[in-house]
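Inside the fold
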Amino acid sequence: MGRSRRTIPEELLLLALDPTTGTTAQPQSLDLGLAGAQLVELALAGRIAPDGDRIAVVVPRPTGDPTLDCALELLRRRGAPVRAVHWIGGPRLGLRQTYLSHLERCGMVHAVAGQMCGVLPTTRYQATDTEISREIRARLDSAIRTGVPPDPRTAALAALAHAVGLGKHLYPGNEGRSSRSRLRDLIRHDPMGGLVAHAVMDVQNGVAAQPRRNSAPAGRQAPGGRGAPEPARGVPAQPRHGSMARAVAH
């Protein structure tokens, strides 16, 4: 996988970074979203494929991206397709920091050392090229504004942004309500993104123990022969994390 294109985990993290405070919005759910974004990126690279609500490795060849290849190898070692909700809900210690450090090495953010309460050391991250973040945001805005089906990468990014609760961060207040609704509806345009987004929300809502019921209409099939989730209907309610949860990356 070449580095001419940013990965979906990188773009999701850049969307979540607050340009004023240098912290990430929705930090707890963002960790789940990054694990889900890795699955979408691996699927787009042809390494994995959905099988109902499970994820199967179809090509174990490395992508060339160390972080993605680590996830791919862990999936391969499972030996059998794993439920997306179990994968996303598993321990992902340090995944957000791994990607922040990666973005710093790539020159997309720079670390700013500080202190909390004058004692505890903290690290905040500022985008070095705001044009990149604006371009990512413009893709979402265009898909929301025009109603034209977006490309799979943008659709998956929108699905994950909704799933982790970035809607109120990107489109705040009453004036952003319709945009948040359309952001949610973009889930329908990418089956893999929809599967992963629902898994992220299921983990947050504590319903990961039971398989997702197949709610797809007859004739609409996902790769692997089972119906794809229909995100526009019955989207699980998101947990209340507060209107803007933030954390400082250490």
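Everything that follows concerns the structure shown earlier in this document.
Just so it is clear, the model here is predicted, and its values are computed rather than measured.

Description of the pattern of salt bridges
Across all of its chains, the model carries 12 salt bridges by this definition. Across the pair arginine 77 and glutamate 73 runs a salt bridge, and its minimum N-O distance is 3.1 Å. Pair noted here: arginine 77 and glutamate 73 are both in helix H3 (residues 66–78), with a separation of 4 residues, about one helical turn. Taking relative accessible area as the criterion, arginine 77 reaches 60% and is therefore assigned exposed. Ionic pairing is found between arginine 134 and glutamate 131, a salt bridge with its closest N-O pair at 2.8 Å. Remark: glutamate 131 and arginine 134 occur in helix H6 (residues 130–146); sequence separation between them is 3 residues, near one turn of the helix. The partly exposed category is assigned to glutamate 131, whose relative accessible area is 44%.

Focus on the layout of surface pockets
In this model, the second largest pocket occupies a volume close to 280 Å³. Residue lining of the second largest pocket: 13 residues in total, with Leu14, Leu15, Leu17, Pro19 and Ser133 positioned closest to the centre. Those elements that place two or more of their residues in the lining of the second largest pocket are helix H1 (8–16), strand S6 (120–127), H6 and helix H8 (167–170). When its residues are assigned to classes, the lining of the second largest pocket shows 7 nonpolar, 4 polar and 2 charged.

Structural notes on the packing of H1 against helix H7 (residues 152–163)
In contact at an axis separation of 10 Å, H1 and H7 are set at 50 degrees when each is read in the N-to-C sense. By the angle between their axes, H1 is oblique relative to H7. For H1 against H7, the interelement crossing comes out right-handed. For the pair H1 and H7, contact is made by Ile8, Glu11, Leu12 and Leu15 and by Arg153, Ala156, Leu157, Leu160 and Ala161, respectively. Looking at the contact of H1 with H7 residue by residue, the classes come out as 7 nonpolar, no polar and 2 charged.

Conventions and cut-offs
Each chain carries its own residue numbering, running from 1 in the direction its sequence is written. Only residues with pLDDT of 70 or above have their local features reported here, since the model is predicted, and side-chain atom pairs are shown and tallied only from 80 upward, although totals for entire chains, interfaces and linings are computed over all residues. To obtain the side-chain values, all non-hydrogen atoms of the structure were included, while hydrogens and water were left out. The rule for a salt bridge is simple: a side-chain nitrogen of Lys or Arg has to be within 4 Å of a carboxyl oxygen of Asp or Glu. What counts as a helix is a DSSP run of H or I of at least four residues, what counts as a strand is a run of E of at least two, and both are numbered from the N terminus. Exposure categories follow from relative accessible area, calculated using a 1.4 Å probe and restricted to protein chains: below 20% of the type maximum is buried, above 50% is exposed, and the middle band is partly exposed. Detection works on a 1 Å grid of protein atoms alone, calling trapped sets that fit a 1.4 Å probe cavities and calling open sets with protein on both sides within 12 Å along at least five of seven lines pockets, with lining residues defined by an atom within 4 Å of a point. Grid points are joined across faces, edges and corners, and a volume is the space filled by probe spheres set on the points. All residues other than Ala, Val, Leu, Ile, Met, Phe, Trp, Tyr, Cys, Pro, Asp, Glu, Lys and Arg, Gly among them, are scored as polar; the first ten of these are nonpolar and the last four charged. Note on geometry: axes are lines fitted to C-alpha atoms, helical ones only across the stretch in contact, with angles between N-to-C directions running from 0 to 180 degrees. Throughout this description, any angle smaller than 35 degrees is read as roughly parallel, any larger than 145 degrees as roughly antiparallel, any in the 65 to 115 degree range as roughly perpendicular, and the remainder as oblique. By definition, any crossing whose near helix is turned counterclockwise from its far helix by less than a right angle is left-handed, and any crossing with a clockwise turn is right-handed. Residue contacts are counted whenever heavy atoms from the two residues lie within 4.5 Å of one another.

No statement about biological role is implied by the geometric values presented.
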